[in-house]
Amino acid sequence: MNTIFAASVPGRRAWTVNSQAPRATDMLPAGLLRANPPRLPQCSELDVVRHYTRLSQMNYHVDANFYPLGSCTMKYNPKFMEYVAQLPGFARLHPLLAQLDGRAAQGALHVLYEIEQLLCELTGMKAFTLQPMAGANGEFTGVTLMAAYHKAKGRQRNIMLIPDAAHGTNPASASLAGFTVVNLESRDGMVNPEAVAKAVQEHGEQVAGLMMTCPNTLGLMETQLPRIVEALRAVDALLYYDGANMNAIMGKMRVGDAGFDVVHLNVHKTFGTPHGGGGPGAGPVGVSEKLLPFLPLPRVRRMEDGTFALIEDAPQSVGHIGPFYGSFGVIIKALAYILRLGGEGLTRASEHAVLNANYLKKRLEDVLEIPFKERHCAHEFVASAPDGLRALDIAKALLERGIHAPTVYFPLIVHECLMPEPTETESKQTLDSFVQAMRDIVDTGRTNPEALHEAPTRLPVRRLDETSAARHMVLTEDMS
Amino acid sequence: MPYIPHTPDEVQEMLAVIGVRSVEDLFADIPANMRSRQLDLPKGRSESAVCAHLEQLAAQNRVDGISFLGAGYYAHDIPKAVDALAGRSEFYTAYTPYQAECSQGTLQAIFEFQTAVSRLVELDCANASVYDGGTALFEAAMMAVRIAKRRTLVVDEAVNPFWRAMLATYTANLDIEIRTVGQRDGVSDKDALMAAVDEHCAAVIVQNPNFFGVVDDYSPIFERARGCKALGIISVYPVLQSVLKTPGEMGADVAVAEGQSLGQPLSFGGPYLGLMACRKEHVRQFPGRIVGRSTDVEGKTGYVLTLQAREQHIRRAKATSNICSNQALCALRALLHMALLGPEGLMRTAENNMALTRYAVKRLTALPGVSLCNSAPYGSEVALRLPLPAATLVQAAMAQGVLPGYPLGKTYAGMEHVLLLSCTEVNDHGQVDRLAETLGGLL
């Protein structure tokens, strides 16, 4: 399909500004002005509406397609959440207003305070900062807090332990915060407590902490967690909880009680806020008592008279992670979701997420190669493409059938990996039809592998040449 | 239970297939001493009860007064078609376009966004956006650190102070030196910037208009940077960029911006998006997602995520950034905003706002003791010196329903008497008159 720039007709307009203002040349010296107007599209409103409506129809999305993308928790996004975020009292509120006169933004500060309390109870942490603007930003915040903790104790700790099955953002975030990453090899699909003990023995006083995803990226609960906590505590190293898989444990395990010192949550995963085609998300970070003094500024406090105030006075704080108070528009949706479900509803969400994943895993046992079959999985599981088939071909064949593919080729330690995460909002009928589709695809692959290589054939495009895209780099309409 | 489809019978059938008696059995792997007690959270509420609660909180925020508050974040008119199109669930309930064949809508929109951003700043290419303007500034600085293989950054003090605070946090553990070059009465000190750029620095970072609203031409500084094999980084205000000399024309290497002014509601600080554009030779040091044009097996044009070898899911600890997502829906809104306004709409908006700011300056400087903080050219925001502390005046005026702007003493020591005032198309001459009358009564 042509781009919006191709639809541009010189002189056509969708938007008019009724203004008697002079031109810029009458207000500023020519040397400060651009030589040519920006080459943006010149379209009517209908041109624009039709173009983007058509584009939208080229997307698979949760509202129309089963989207079992592992590690991403593509649950249904309740519609009322869009409404509350768009309330003018929130949408039109300037972030600096609260810093000029807190009375003018009491409702917004109340939102921040209320969700912080709810997240603390849900996770067992002492406090939360809502400032991080996404999961990876939360990770960076978390490891920065860990660095500040050790620094305040007057010690140089530059090593972060990270399991080989971790999301790539973990080592990247640790590295961005100045840590050297030491990789931990998994055993039996879990973090090996002996590898942790060995790393602690080897690096001892240099170990700042360990970043864990629990249940891990293979969809398995870490049964050796108590031993791992103990090994780290022995050298006052800190334990980081990557909340990517929080949807598996709400009401079942509180990470604060389990011994974690810092946690980030992905509200777009756990609390049903929309993924937006890749963002915006939000990545609140919770901490244990030890890390309280280092939280980013500002913090929201409830005063004795019941009003809310911003607090900037915290000498040990790491400073500012974002410009203001985080992805507020996303945080409101998460608050609405938590209030709608309540404690029981959140617990039920995790129960059904785990139920759906185990049902799907069981039913696929004779279709795919499933490692760790003897164990129950959490909210997702991993499988290998069977009989020499490729995970990529299976993924594309699923697209052909109107189903978004599971995550493929992650974690890296599983051969030809497919990682489905059904989430709690999908019905048994949807899961059954997924199993049937998978069975058909694998049967086809066994008898006629060529047919799988061909897929998809009925979507807006067929398989695209990614190698030439990287080599020739056409990144805008003007590069070619 | 809301949003859960299973009937009790279905749950029993599913448990039987799995071979367990209860859902609780599926959680048996959680170590016994780590099991949660029952959560002490409120009971779930009806949709209408939750909406009522949040409507009541929203109503406690004061958004109906007259406001001239900007400081890098601006109230603009947003075409309703932006909401309608970005509100299509085909866009907002999809995720990162990993599977290109079923994500061409998102991918092509990002490609168009990259094109629009590149054309706005006149640099070769743009990425798919990062979290916000401050993140973009930090990521641009890190690009320079990698490209120049140096660890000193020269930063103009007139760059957005909220972002400079972020830069300090983000670089605190990275052995990076930040040389801040002081401004004078809100004007960037170009001589001092020139002097600070040497062969040890990775980049020089400036902003246009700067935080005080001053419009300048940084070409000589970027030329000096090039001579020292350092990068020139500039932060811009997208609306005014439609008329101002471009980063490309000035010879900058990387341009960044807070994209809020393009179609995003203020929403108490987020979500926003950071725009990043650069010269082609630096593209492999870009953070975050980038979309490229390609062809499918039949030669048909399509779009894919590209240059992924930079990214965390492949490079892990050696990635160019830890950023995983982009702000796709915000980027879509920015693109829609630009497509609906077009070049003329954006330029006329900029000109309208600059003209209104000039009218405000005329009205306010006629008041006793009020003067321009400097004599430099300005855009749609301006620093005014007052005969009393700006914070005091702001408080008093707010009590009368008018917010005159941002008291600069909050972020710049010694500028307690300076007010930063911004005009956009949501203001008009009548509002400026009301502001002048209010301040006239208070001074």
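Residues numbered from 1 in each chain as written. Chains lettered and ligands numbered in written order. Predicted model: local features only at pLDDT ≥ 70, side-chain atom pairs only at ≥ 80, totals over all residues. Heavy atoms only, no water.

1. Describing the overall build of chain A
At step 1: A tally of helices and strands in chain A yields 16 helices and 14 strands.
At step 2: Over its C-alpha trace chain A gives a radius of gyration of 25 Å, about what one expects of a compact globule, namely 23 Å for 480 residues.
At step 3: Along the first, second and third principal axes, the C-alpha set of chain A runs to 75 × 70 × 45 Å.
At step 4: Per-residue burial for chain A yields a buried fraction of 69% across its 480 residues.
At step 5: For chain A, the proportion of contacts with a sequence separation of at least 24, taken over those separated by at least 6, is 71%.
At step 6: Split by element, the accessible area of chain A, about 15,800 Å² in all, is 47% carbon and sulfur.
At step 7: Taking the average location of the 45 positive side-chain charges in chain A and that of its 50 negative ones, the two points are 3 Å from each other. (Helix = DSSP H or I, 4+ residues; strand = E, 2+ residues; numbered from the N terminus. Rg over C-alpha atoms; globule rule 2.2 N^0.38 Å. Buried < 20%, exposed > 50% of the residue type's maximum accessible area, 1.4 Å probe, protein only. Contact = heavy atoms within 4.5 Å. Areas by Shrake-Rupley, 256 points an atom, 1.4 Å probe, with all protein chains shown as cover. Lys, Arg positive; Asp, Glu negative; His and termini not counted. Charge placed at Lys NZ, Arg CZ, Asp CG, Glu CD.)

2. Quick word on the packing of aromatic side chains
At step 1: Under the defined criterion, the tally for this structure stands at 24 aromatic pairs over all chains.
At step 2: Ring centres of Tyr 76 of chain A and Tyr 3 of chain B lie 6.1 Å apart, and the angle between their planes is 55°; on these two criteria the pair is classed as tilted. Placement of Tyr 76 of chain A in the loop between helix H1 (45-56) and helix H2 (80-85) and of Tyr 3 of chain B in the segment before helix H1 (8-18) is noted, with the two residues assigned to different chains.
At step 3: By relative accessible area, which is 22% here, Tyr 3 of chain B ends up partly exposed.
At step 4: Taken together, Phe 90, Phe 324, Tyr 325 and Phe 328 of chain A together with Tyr 73, Phe 162, Phe 211, Phe 212, Phe 268, Tyr 272, Tyr 406 and Tyr 412 of chain B form an aromatic cluster joined through their ring pairs.
At step 5: If you follow Lys 190 of chain B out to its NZ or CZ, it ends over the ring of Tyr 218 of chain B, 6.0 Å from the centre. (Phe/Tyr/Trp six-rings, centres within 6.5 Å; stacked < 30°, edge-to-face > 60°. Lys NZ or Arg CZ within 6 Å of the ring centre and 35° of its normal.)

3. A look at empty space enclosed by the protein
At step 1: Within this structure, the stated rule accounts for 11 cavities of 30 Å³ or more.
At step 2: What the largest cavity holds in volume is close to 200 Å³.
At step 3: As for the largest cavity, its lining consists of 20 residues, and the residues nearest its centre are Gly 72, Tyr 74, Gln 207, Pro 209 and Tyr 237 of chain B.
At step 4: Among the secondary structure elements, those contributing two or more residues to the lining of the largest cavity are strand S5 (201-208), strand S6 (231-236) and helix H10 (238-241) of chain B.
At step 5: Partitioned by chemical class, the residues of the lining of the largest cavity number nine nonpolar, nine polar and two charged.
At step 6: Looking at the second largest cavity, its volume works out to about 120 Å³.
At step 7: The wall of the second largest cavity is formed by 13 residues, among which Thr 129, Leu 130, Pro 298, Arg 299 and Val 300 of chain A lie closest to the centre.
At step 8: Put simply, the parts of the chain that give the lining of the second largest cavity at least two residues each are helix H5 (106-123), strand S1 (127-129) and strand S10 (299-302) of chain A. (1 Å grid on protein atoms, 1.4 Å probe; cavity = no way out; pocket = protein on both sides within 12 Å on 5 of 7 lines; lining within 4 Å. Points joined across faces, edges and corners; volume = space filled by probe spheres on them. Nonpolar A, V, L, I, M, F, W, Y, C, P; charged D, E, K, R; others polar.)

4. Quick notes on helix H5 (residues 104-121) of chain B
At step 1: For H5 of chain B, spanning 18 residues, the distance from its first C-alpha to its last is 26 Å, which sits close to the expected 26 Å at 1.5 Å a residue.
At step 2: With 18 of 18 residues buried, H5 of chain B is to be regarded as a mostly interior element. (Expected span 1.5 Å × (residues − 1).)

5. Regarding the sheet that holds S5 of chain B
All names here are of chain B.
At step 1: Pairing in this open sheet of seven strands is mixed, and the strands run S2-S8-S7-S6-S5-S3-S4 from one edge to the other. The open sheet is flanked by strand S2 (125-126) and strand S4 (177-181), the only strands paired with a single partner.
At step 2: Bridging between S5 and S6 involves six bridges; their strand directions are parallel. Note on S6: the bridge partner recorded for Ile 205 is Ile 233. (Pairing = 2+ DSSP bridges.)

6. Thoughts on the nonpolar core
At step 1: In terms of nonpolar packing, the biggest core is built from 249 residues, with Met 253, Phe 271 and Leu 364 of chain A together with Leu 54, Phe 268, Tyr 406 and Leu 408 of chain B touching the most fellow members.
At step 2: Sorting elements by how many residues they give to this core places helix H12 (residues 328-363) of chain A first, with 18 residues.
At step 3: Counting residues domain by domain, this core receives three or more from each of domain 1 (66-73 + 342-442) and domain 2 (80-336) of chain B.
At step 4: When near neighbours in sequence (up to four residues on either side) are disregarded, Leu 408 of chain B contacts Phe 211, Phe 212, Ala 383, Met 415, Val 418, Leu 419 and Leu 420 of chain B.
At step 5: By size, the runner-up hydrophobic cluster in this structure holds 59 residues, among which are Met 58 of chain A together with Cys 201, Leu 335 and Leu 346 of chain B. (Core = buried A, V, L, I, M, F, W, Y, C linked by side-chain atoms within 4.5 Å. Domains from an automatic or database assignment.)

7. Some details on the domain arrangement of chain B
Residues and elements named next belong to chain B.
At step 1: Domain boundaries assigned for chain B yield domain 1 (66-73 + 342-442) and domain 2 (80-336).
At step 2: Inter-centroid distance (C-alpha atoms) of domain 1 to domain 2 is 28 Å.
At step 3: At the junction of the two partners, domain 1 supplies 26 residues and domain 2 supplies 29 residues.
At step 4: For the pairing of domain 1 and domain 2, the buried interface totals around 2,100 Å² over both sides, and the portion due to carbon and sulfur atoms is 68%.
At step 5: The largest per-residue losses of area from domain 1 upon contact with domain 2 belong to Tyr 73, Leu 346 and Tyr 412, which jointly make up 35% of the total buried on that side.
At step 6: On inspection of domain 1 and its partner domain 2, the count reaches one salt bridge.
At step 7: Measuring nitrogen to oxygen at the nearest pair gives 3.4 Å for the salt bridge that ties Asp 185 to Arg 385.
At step 8: Top element by residues in the side of domain 1 that touches domain 2 is helix H13 (residues 328-365). It accounts for six residues. (Buried area = accessible area lost by both parts, 1.4 Å probe. Salt bridge = Lys/Arg side-chain N within 4 Å of Asp/Glu carboxyl O.)

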